[in-house]
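Listed here are the chains, written in short residue letters.
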Amino acid sequence: MGRDDLDALVIGAGVSGLTTAVRLVEAGLRVRIWAAEPPEATTSMAAGAMWGPYLVEPLDKVRVWSRQTLDELRRLAIQPDTGVRLVPGIEASRTPVEPPEWGNQLDGFRMCSESDLPKGFAAGWRFLAPLVDMPIYLSYLQRRLATAGVAVEIRRIDKLAQVTGMSPIVVNCTGIGARNLVPDPDLTAIRGQLVVVENPGITDFFAEDTGPSPDLLHIYPQGDTIVLGGLAATGEWDLQPDPAVAAAILARCIEVEPRLRHARVIGHRVGLRPTRPQVRVEKALIDSTTVIHNYGHSGAGVTLSWGCATEVTAIASKSAPGLRSH
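Per chain, the residues get numbers from 1 upward, laid out in the order the sequence is written. Residue-level local features of this predicted model are given only where pLDDT is at least 70; pairs of side-chain atoms are given and counted only at 80 or more, and the full residue set underlies all totals for whole chains, interfaces and linings. Hydrogens and water are ignored here; the side-chain numbers use all heavy atoms of the structure.

(A) A look at the overall build of the protein. What counts as a helix is a DSSP run of H or I of at least four residues, what counts as a strand is a run of E of at least two, and both are numbered from the N terminus. Counting its regular elements, the protein contains six helices and 14 strands. The C-alpha atoms of the protein give 20 Å as radius of gyration, which agrees with the globular expectation for 326 residues (20 Å, within 12%). Each principal axis of the C-alpha distribution contributes one length, and for the protein these read about 65 × 35 × 35 Å. In this scheme, a residue with accessible area under 20% of its type's maximum is buried, one over 50% is exposed, and one in between is partly exposed, where area comes from a 1.4 Å probe on protein chains only. Taking all 326 residues of the protein together, the buried fraction comes to 54%. Two things to know: the radius of gyration comes from C-alpha atoms, and the globule rule equals 2.2 Å times the number of residues to the power 0.38.

Put into C-alpha cells, the structure is as follows:
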C-alpha cells in the first residue's frame, strides 16, 4: 500500500494509537499502523486501569475528552470480550478533601460515611466506574481493527520526517517516544510500577487520593487477578521492576485490604507515563504533510483515548477534504 491507496498512517500502537486507528478506519479512511513495538510491550499494557481524569491539562478539553471516553467505555462494558467492566468501589483520602468535580458523571456517586472507610482515612466517595483489563482490552482493539483489515506493523522510525510523504495524514501517537521523534523537550517520563497478584475474592476497587505523592495506592480487581499500585516517579526511565518498590506497594495495599496478605504474586508491570504541561492534540505541517499529534496523556491515556481519537478524526476530515469514505 502506497500513498495513493492510503489516507492515514498512525505511528504508535498503545491505547491511543489503536483507538485512533479504530476511529479513523471506521470513519472510512484507509489506515495503516506502524509501531516500534507491539501493543503488549507498550506503556498501555502496564496500566491499571480505571477511568479518571486525574492531574492532566488543559481542563476544558480534558472534560470533553474524558466524558466522550466514559460514554464509550460504558458501551463496551456491555460486551463480555472487551476487558471493560463497570466496577463499584471507593476513592478515599487520609485528609479532609473535596470530592472530584467529575464525580457527578459516575453512577451511584455518594460521599462515604466514616464506617465505610478503612482505618486512617478521613474522607471518601463511592461510585461505579469503568475498570479496564488492559491485556484483554488491547487485544479487543486489535481484533476490531483486524475486521477492517488493519494490523500493527513493527517498523521503527527515528524522526517524523522519515514518514512524511508516505501518506496524506500522519498521526503521531508515540507516547514517550515523541520526546525524541518530534522532538518535544516538554515531554518527560513519570515511571509507574504495578504488582499483579491472585485475587483472594475482592470484588470492589479501592484507590487513595494521594495528592502529589509519588507513592500511590490502588487495588483494582480484574477477575481472577488483582492489580496493585502504584508509583509515579518523575524523570525515572528504568523499565525494570524494582523489588523495593514492589514490596512497598504490597505493604500499602495490605494495610488497607488484609485479604491481600497471602495473595500469590503473578507478575510486575512497569511503564513510562508520557507527561507534558498539556496533552497535545493538534495539527502540524511537516514537509507538506499533515501531521496530527496525539500524545502527552500522562496517566490518563485510557481515560482520554476515545475523546482524543474523535478529535483527531475531526481534524483529519477538515485537514484533507479530498479524502472520502472508502
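(B) The packing of aromatic side chains, seen in detail. Stacked, tilted and edge-to-face are the three classes applied to pairs of Phe, Tyr and Trp rings, where Trp contributes its six-membered ring and a pair requires centres within 6.5 Å; stacked means planes under 30 degrees apart, edge-to-face means over 60, and tilted covers the rest. With the rule as written, the count across this model stands at six aromatic pairs. A centroid spacing of 6.3 Å and a plane angle of 20° characterise the contact between Tyr137 and Tyr140, whose relative ring orientation is stacked. Of this pair, Tyr137 and Tyr140 both sit in helix H3 (residues 134–146), three residues apart, which is roughly one turn of the helix. For Tyr137, a relative accessible area of 0% translates into the label buried. Residue class for Tyr140 comes out buried when judged on its relative accessible area of 8%. The rings of Trp51, Trp102, Phe109, Phe127 and Phe205 are connected pair by pair, giving a single aromatic cluster.

(C) Representation of helix H2 (residues 59–76) within the structure. To estimate how far a helix should extend, the number of its residues minus one is multiplied by 1.5 Å. Its 18 residues give H2 an end-to-end C-alpha distance of 25 Å, which sits within 8% of 26 Å, the value for a rise of 1.5 Å per residue. Along H2, the residues that are buried comprise Val62, Trp65, Ser66, Thr69, Leu70, Glu72, Leu73, Arg74 and Leu76.

(D) Quick peek at the layout of surface pockets. By volume, the second largest pocket amounts to about 220 Å³. In this structure, the second largest pocket is lined by 16 residues; those nearest its centre are Ile90, Asp204, Phe205, Phe206 and Glu257. Of all the secondary structure elements, the ones that give two or more residues to the lining of the second largest pocket are strand E3 (84–93) and strand E9 (205–208). Just so you know the grouping, Ala, Val, Leu, Ile, Met, Phe, Trp, Tyr, Cys and Pro go in nonpolar, Asp, Glu, Lys and Arg go in charged, and all remaining residues, Gly too, go in polar. A breakdown of the residues in the lining of the second largest pocket according to their chemical character gives eight nonpolar, three polar and five charged. Cavities and pockets are found on a 1 Å grid laid over the protein atoms alone: a cavity is a set of points where a 1.4 Å probe fits but cannot escape, a pocket is an open set with protein on both sides within 12 Å along at least five of seven lines, and a lining residue has an atom within 4 Å of such a point. Grid points are joined across faces, edges and corners, and a volume is the space filled by probe spheres set on the points.

(E) Region of interest: the UniProt feature "domain: FAD dependent oxidoreductase" (unreviewed entry) in the protein. Per the UniProt record, the feature "domain: FAD dependent oxidoreductase" (unreviewed entry) sits at residues 7–314. Counted over residues 7–314, helix gives 24% and strand 33%. Its end C-alpha atoms are 14 Å apart. UniProt positions are given in the numbering used here, feature names are shortened, and annotations may be inferred rather than shown by experiment.

(F) Broad picture of the side chain of Ser93. Note that Ser93 resides in strand E3. A polar contact is formed between the side chain of Ser93 and the backbone oxygen of Thr95, at a distance of 2.8 Å. For this analysis, residues touch if any pair of their heavy atoms sits within 4.5 Å. Not counting chain neighbours up to four residues away, the residues in contact with Ser93 comprise Phe121, Ala122, Ala123 and Asp209. Nitrogen and oxygen atoms within 3.5 Å of one another constitute a polar contact, given that in protein one can donate a hydrogen and the other can accept it, and given that sequence-neighbouring residues count only through two side-chain atoms.

(G) Inspection of the packing of helix H1 (residues 15–26) against helix H6 (residues 301–319) at higher detail. Every angle, taken between N-to-C directions, lies between 0 and 180 degrees, and every axis is a line fitted to C-alpha atoms, over only the stretch in contact when it is a helix. Two elements in contact, H1 and H6, have axes separated by 8 Å at closest approach and are oriented at 40°. Classified by the angle between their axes, H1 and H6 sit oblique to one another. For H1 against H6, the interelement crossing comes out right-handed. Across the interface between the two elements, Val15, Ser16, Thr19, Thr20, Val22, Arg23 and Leu24 of H1 pack against Gly301, Val302, Ser305, Trp306, Ala309, Thr310, Val312, Thr313 and Ala316 of H6. Partitioned by chemical class, the residues of the contact of H1 with H6 number eight nonpolar, seven polar and one charged. Oblique is the label for any angle not under 35 degrees, not over 145, and not in the 65 to 115 range, which are roughly parallel, roughly antiparallel and roughly perpendicular in turn. Take the far helix as your reference; a near helix turned counterclockwise from it by less than a right angle gives a left-handed crossing, and one turned clockwise gives a right-handed crossing.

(H) Looking closely at unusual backbone geometry. Of the consecutive residues Gly48 and Ala49, the connecting peptide bond is found in the cis state with omega at 0°. Following the sequence through the fold, Ala49 ends up in the loop between strand E2 (31–35) and H2. The peptide bond linking Gly229 to Gly230 adopts the cis configuration, its omega dihedral lying at 0°. With respect to the helices and strands, the residue Gly230 is situated in strand E11 (residues 225–231). Residues other than glycine seldom take positive phi values, yet Asp287 does so here, at roughly 50°. Secondary-structure assignment places Asp287 in the loop between strand E13 (265–286) and strand E14 (289–297).

(I) Region of interest: the nonpolar core. Ranked by size, the top nonpolar core spans 58 residues in total, and within it Leu73 and Tyr137 carry the most contacts. A total of seven residues in this core trace back to one element, the largest contributor, which is H6. Judged by nonpolar contacts, the second largest core, of 23 residues, contains Leu117, Ile202, Phe206 and Cys253. Each nonpolar core is a collection of buried residues, namely Ala, Val, Leu, Ile, Met, Phe, Trp, Tyr and Cys, held together in the definition by side-chain atoms within 4.5 Å.

(J) Expanded view of the pattern of salt bridges. A carboxyl oxygen of Asp or Glu within 4 Å of a side-chain nitrogen of Lys or Arg is what we treat as a salt bridge. What the rule picks out here adds up to 17 salt bridges. Several salt bridges converge on common partners, so that one network encompasses Arg23, Glu72 and Arg75.

(K) Broad picture of the pairing of strand E10 (residues 215–222). Buried residues dominate E10, accounting for seven of its eight residues. Should DSSP find at least two bridges between two strands, the strands are regarded as paired. Of the pairings in the sheet, the one linking E9 to E10 comprises two bridges and is antiparallel in character. For Phe206, the partnering residue across the bridge sits in E10 and is Ile219. Inspection of the sheet shows E10 paired to E11 by six bridges, in the antiparallel sense. Looking across to E11, one finds that Asp215 is bridged to Leu231. Remark: two residues form the turn of the hairpin made by E10 and E11, two consecutive strands paired antiparallel; Gly223 in that turn has positive phi of roughly 70°.

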